[in-house]
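A look at the structure
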Amino acid sequence: MTASRDSTRERLVEAACRLFGREGFHGVTVRDICRAANANVAAVNYHFGDKMALYMEVVDRAIAVMRGTTTAAQAGSAGLTPQEHLRHYIRTYLGALLQSPDANTWIHGLMNQEMSEPTKAAAKIAREAIRPRVEYLSGIVAGILQCDVHDPRVRRCAVAVQSHCLWYGRQPQTSVFRKAAFPEWPDEVTTGLTALADFVAEFSLAGVEGLR
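Residues numbered from 1 in each chain as written. Predicted model: local features only at pLDDT ≥ 70, side-chain atom pairs only at ≥ 80, totals over all residues. Heavy atoms only, no water.

**Describing the nonpolar core**
Put simply, the rule is: Nine residue types can take part in a nonpolar core, namely buried Ala, Val, Leu, Ile, Met, Phe, Trp, Tyr and Cys, and a core is a set of them joined through side-chain atoms within 4.5 Å. Throughout, exposure labels follow a simple rule: accessible area from a 1.4 Å probe, protein chains only, divided by the maximum for the residue type, with under 20% read as buried, over 50% as exposed, and the rest as partly exposed. In this text, helices come from DSSP runs of H or I with a minimum length of four residues, and strands from runs of E with a minimum of two, each type numbered from the N-terminal end. The criterion used for residue contact is that any of the two residues' heavy atoms lie within 4.5 Å.
Core analysis: the biggest nonpolar cluster contains 32 residues, and Leu 12, Phe 20, Ile 33, Leu 54, Tyr 55 and Leu 110 have the highest contact counts within it. Elements with a minimum of two residues in this core: helix H1 (2-23), helix H2 (30-36), helix H3 (43-48), helix H4 (51-74), helix H6 (105-116) and helix H7 (121-145). In terms of residue count, H4 provides more of this core than any other element does, 9 residues in total. Leu 12 has contacts with Ile 33, Cys 34, Ala 37, Ala 39, Ala 43, Val 44, His 47, Phe 48 and Leu 54, leaving out every residue within four places of it along the chain.

See below:
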């Protein structure tokens, strides 16, 4: 019986990840989730209490993946110069963004939904996933600029680096816009992570060091 309950719970979460990532919190009903999970319509209330509690479970999973990318960027960075550290961060971050199209696509969708129609989860995402990543990147940038981390240039440069990386992400909205706006451009995402990461890193370093 316990295995069956665990299986149903996991199916509900997996279905909710897909649906919330595509439609957002307000665009999905409990009935939609239960149908997609092949579960009884009362299953969400039984396992989570209500739709918001299930949504927060999904948000927690997204945060865990996002924090994992930041942790991966930190790993192996000991002893690197600030410039090497930035290259390592960009390779790691782009590697996470350019996973196979199906991997964690729901997370990108969830973030887009929260930006366009925030729920009470928005503050949690910002506090536990986005802020730690930006603060970590800001420390790297401050090292390159040889200035205090609170210098206004630091956060501006950190946001610029993040934005440049996100442009190449596989999230559906970005991919559609990129292809529609620049159909004549080759798909740089398919040319290989190393070449793309090297370009983004060199461009970012030139910009940051130019402000030093």
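**Some remarks on the packing of aromatic side chains**
Test applied: Centres within 6.5 Å are what make two rings of Phe, Tyr or Trp a pair, Trp counting through its six-membered ring; a difference in plane orientation under 30 degrees is then read as stacked, over 60 as edge-to-face, and the rest as tilted.
In the structure shown here, the tally under the stated rule is 6 aromatic pairs. Between the aromatic rings of Phe 20 and Phe 25, the centroid separation amounts to 6.0 Å while the plane-to-plane angle is 25°, which identifies the pairing as stacked. Taken together, a centroid distance of 6.3 Å and an interplanar angle of 50° make the contact between Tyr 89 and Tyr 136 tilted. Pair noted here: Tyr 89 is in helix H5 (residues 82-97) and Tyr 136 is in helix H7, with a separation of 47 residues, a long-range link. Taking the relative accessible area as the measure of exposure, Tyr 89 reaches 1% and is therefore buried.

**Let's talk about the pattern of salt bridges**
Filter applied, for reference: In the sections that follow, a salt bridge refers to a side-chain nitrogen of Lys or Arg positioned within 4 Å of a carboxyl oxygen of Asp or Glu.
Under the definition given, this model contains 11 salt bridges. One salt bridge connects Glu 23 with Arg 22, and the closest N-O pair in it is separated by 3.5 Å. Look at the salt bridges and you will find they share partners, linking Arg 9, Glu 10, Glu 57 and Arg 61 into a network.

**Re the packing of H5 against helix H10 (residues 193-210)**
Operational definition: Axis lines are fitted through C-alpha atoms, for helices just across the contact stretch, and the angle between N-to-C directions can take any value from 0 to 180 degrees. If an angle is under 35 degrees, it is roughly parallel; if it is over 145, roughly antiparallel; if it lies from 65 to 115, roughly perpendicular; otherwise it is oblique. Handedness of a crossing follows from how the near helix is turned relative to the far one, being left-handed for an anticlockwise turn of less than a right angle and right-handed for a clockwise one.
Where H5 meets H10, the axes come as close as 9 Å, and the angle between the chain directions of the two elements is 135°. Between H5 and H10, the angle is such that the two are oblique. H5 and H10 meet at a crossing whose hand is right-handed. Taken together, the residues of H10 that come into contact with H5 (itself represented by Gln 83, Leu 86, Arg 87, Ile 90, Arg 91, Leu 94 and Gly 95) are Leu 193, Leu 196, Ala 197, Val 200, Ala 201, Glu 202, Ser 204, Leu 205 and Glu 209.

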